[in-house]
Amino acid sequence: MSCTILVGGQWGDEGKGKIISSLALKDSPSAIARAGVGPNAGHTIYHNEKKFGLREIPCGFVQEKARLYIGAGVLVDPDVFMKEIDETGARGRIFIDGRCTVITPEHKERDTHPDLKGKIGTTGTGCGPANSDRALRCAKLARDVPELSEFIVDVPLEINGFLDRKENVLIEGSQGSLLSLYYGHVYPFVTSKDTHASAFATDVGVGPMRIDDVLVVFKSFPSRVGNGPFPTRMTKEREEEFGIHEYGTVTGRERDMGEFDFKLAKYSCMLNSATQIALTCLDYVDKSVLGVSEYDKLSDKAKEFVEKIESELNVPVTLISTGPESGHLIDLREEKL
Ligand code: GTP
Ligand code: IMP
Ligand code: MG
């Protein structure tokens, strides 16, 4: 039995969606619960030769045997949710907590304000305004929306039930540590909530003593969208040298790319009590390792990078992603844990 929380260790977009979908297929957890802020996130996955950019529904939907949940701490935009139900075919096994805050068109309108979209570079998805209404206790909840009634359950009761029965639960965080409202060094250029493992446990109603593993996802070359400082930002010429360019899943904005920041990554491991690291985009370090699924087949350059991460952060790198597809994965958990 285990309860694992998956967390982004940098500025979001580390490839959490890819890791979650791979683990959902490999480990077959009974329940997968989405935590994090809300539909400002975009998790990209490739499944059955189709690309998905999911904002509400857990990427673990790829595991057809799993029940899927959205915890009370997560903002729900009913339009996005219903669209993703159709895209994923998850109706009948996806449930949301009646206490989720609902994002309204008015929240999205307020999120276009120059102080938010202009200054902070928010995603414009209404998340900040919805969280502020929740704090003011005037927000509408999922239980107040007839369209959502068939999906409503008590998520903590269900998830803790799985843990009582000694079944596996995967908690899917969104965003990244450095975007935390409280601990992000670059405040006010952060999101509207905390984005650490403890917050994600709260989001889905699981107490800290029930968490067995905190898997922090780091991208070999981190990316950043929105405004504000990015200490290790690369020049566009250097991005060109590596041939790496990314565009936001939600907003389509070009992401800035940067060098791995060991100091911030170490801090992030501390704030999350990291027990394992998943390292993504190792193929950005050396193109020759694209799609490799055995550690011994990695180039020396790629291995050196992995070893440096492990020794500097002092946390085992148990999963290595070498490409965007779910099979592009090296799983070292058996030998390292
Ligand atoms: P947020 O919850 O919004 O923070 O997103 P996320 O962490 O799920 O990441 P997102 O899908 O937004 O961005 C990661 C990008 O990297 C996507 O385009 C993925 O398809 C891609 N990706 C993930 N892993 C790998 C990898 O190992 N190599 C390469 N080349 N691309 C990858
Ligand atoms: P908001 O969360 O939409 O209010 O945006 C605040 C900041 O967080 C902006 O810099 C966004 O680009 C960033 N942000 C929010 N969610 C994500 C995410 O999932 N990935 C990357 N950046 C994000
Ligand atoms: Mg994303």
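Our structure's up above, just so we're on the same page.
> It is not clear to me how the overall build of the chain should be interpreted in this structure. Could you clarify?
When helices and strands are tallied, the chain shows 12 helices and 15 strands. Its C-alpha atoms give the chain a radius of gyration of 19 Å, near enough to 20 Å, the size a compact globule of 337 residues would have. For the chain, the spread of C-alpha atoms along the three principal axes comes to 55 × 50 × 35 Å. Going through the 337 residues of the chain one by one, you find that 59% of them count as buried. When the accessible surface of the chain is split by element, carbon and sulfur atoms take 51% of a total near 14200 Å².

> Can you help me understand the site of ligand 1 in this one?
Taken together, 24 residues are adjacent to ligand 1, and Asp13, Lys16, His43, Thr44 and Ser321 come closest. Between ligand 1 and threonine 44, the relevant distance is 2.7 Å, taken from an oxygen atom to a main-chain nitrogen or oxygen of the residue. With the chains in place, 91% of the 660 Å² that ligand 1 exposes on its own is no longer accessible. Listing elements by their share of the shell around ligand 1, those giving two or more residues are helix H1 (16-27), strand S3 (43-47) and helix H10 (282-285). Of the residues belonging to the shell around ligand 1, the class tally is five nonpolar, 13 polar and six charged.

> Before we go on, may I ask you to explain the coordination of the magnesium ion (ligand 3) in this structure?
Those protein atoms acting as donors to the magnesium ion (ligand 3) are Asp13 (OD) and Gly42 (O), and they sit at 2.0 to 2.2 Å. Placement of the pair is aspartate 13 in the loop between strand S1 (3-8) and H1 and glycine 42 in the loop between strand S2 (31-34) and S3, with a sequence separation of 29 residues. We classify glycine 42 as buried; its relative accessible area is 13%.

> What is the right way to read empty space enclosed by the protein from this model?
To find leftover empty space, one rolls a probe the size of a water molecule over the atoms. For the structure shown, the criterion picks out one cavity of 30 Å³ or more. Taken as a whole, the largest cavity holds about 50 Å³ of empty space. Taken together, Gln10, Trp11, Leu178, Pro222, Asp261, Leu264 and Ala265 make up the full set of residues lining the largest cavity. Looking at the lining of the largest cavity residue by residue, the class counts come to five nonpolar, one polar and one charged.

> Got a minute to help me understand the environment of tyrosine 182 in this structure?
In this structure, tyrosine 182 sits in the loop between strand S8 (169-172) and helix H7 (197-204). Tyrosine 182 sits 107 residues away from valine 289 along the chain, and the two C-alpha atoms are 37 Å apart.

> How do you make sense of the sheet that holds strand S10 (residues 223-224) when you look at a structure like this?
Backbone hydrogen bonds are what pair the strands of a sheet, in a parallel or an antiparallel way. The three strands lie next to each other as S10-S12-S11, forming an open sheet whose pairing is antiparallel. Every other strand in the sheet has two partners, leaving S10 and strand S11 (246-247) as the edge strands with one partner each. Looking at chain direction, S11 and strand S12 (residues 254-257) are connected through two bridges and run antiparallel. Within S12, the position partnered with glutamate 246 by the bridge is arginine 255.

> Even after reading the chapter, I still don't get the sheet that holds strand S13 (residues 276-280), so can you show me in this structure?
Taken together, the 10 strands give an open sheet; going across it, the order is S7-S6-S5-S2-S8-S1-S9-S13-S14-S15, and neighbouring strands pair in mixed fashion. Each edge of the open sheet is held by one strand with a lone partner, namely strand S7 (152-153) and strand S15 (329-331). Of the strand pairs in this sheet, S13 and strand S14 (residues 317-321) are connected by three bridges, and their pairing is parallel. Residue pairing across strands places alanine 278 opposite leucine 319, the latter belonging to S14. Where H1 meets the sheet, it contacts S1, S2, S8, strand S9 (213-219), S13, S14 and S15, and its direction lies at approximately 160° from that of S1. Along the sheet, helix H9 (residues 262-272) makes contact with S1, S9 and S13, crossing S9 at roughly 160°.

> I'm lost on the site of ligand 2 in this one. Help?
Around ligand 2, the surrounding shell holds 16 residues, and the nearest of these are Asp13, Asn40, Thr123, Thr191 and Arg253. Between ligand 2 and aspartate 13 there is a distance of 3.2 Å, counted from a nitrogen atom to a side-chain nitrogen or oxygen. Arginine 253 places a polar side-chain atom, nitrogen or oxygen, 3.1 Å from an oxygen atom of ligand 2. Isolated, ligand 2 exposes 470 Å² of accessible area, and the fraction of that covered by the protein chains is 97%. The residue inventory of the shell around ligand 2, partitioned by class, reads six nonpolar, seven polar and three charged.

> What's the story with the packing of H9 against helix H11 (residues 300-313) in this structure? I'm lost.
When two helices pack together, their arrangement is given by the angle between their axes and by how far apart the axes lie. At a minimum axis distance of 10 Å, the contact between H9 and H11 shows a crossing angle of 55°. If you check the angle between H9 and H11, you find them oblique. The interaxial crossing formed by H9 with H11 has right-handed handedness. Residues Phe262, Ala265, Lys266 and Cys269 of H9 touch H11, and the partners they reach there are Lys308, Ile309, Glu312 and Leu313.

Calculation rules
Residues numbered from 1 in each chain as written. Chains lettered and ligands numbered in written order. Predicted model: local features only at pLDDT ≥ 70, side-chain atom pairs only at ≥ 80, totals over all residues. Heavy atoms only, no water. Helix = DSSP H or I, 4+ residues; strand = E, 2+ residues; numbered from the N terminus. Rg over C-alpha atoms; globule rule 2.2 N^0.38 Å. Buried < 20%, exposed > 50% of the residue type's maximum accessible area, 1.4 Å probe, protein only. Areas by Shrake-Rupley, 256 points an atom, 1.4 Å probe, with all protein chains shown as cover. Near = heavy atom within 4 Å. Polar contact = N/O pair within 3.5 Å; in protein donor to acceptor, adjacent residues only side chain to side chain. Nonpolar A, V, L, I, M, F, W, Y, C, P; charged D, E, K, R; others polar. Donors = N, O, S within 2.8 Å, 3.2 Å for Na, K, Ca; no water. 1 Å grid on protein atoms, 1.4 Å probe; cavity = no way out; pocket = protein on both sides within 12 Å on 5 of 7 lines; lining within 4 Å. Points joined across faces, edges and corners; volume = space filled by probe spheres on them. Pairing = 2+ DSSP bridges. Contact = heavy atoms within 4.5 Å. Axes fitted to C-alpha atoms, helices over the stretch in contact; angles between N-to-C directions. Parallel < 35°, antiparallel > 145°, perpendicular 65-115°, else oblique. Left-handed = near helix turned anticlockwise from the far one by under 90°.

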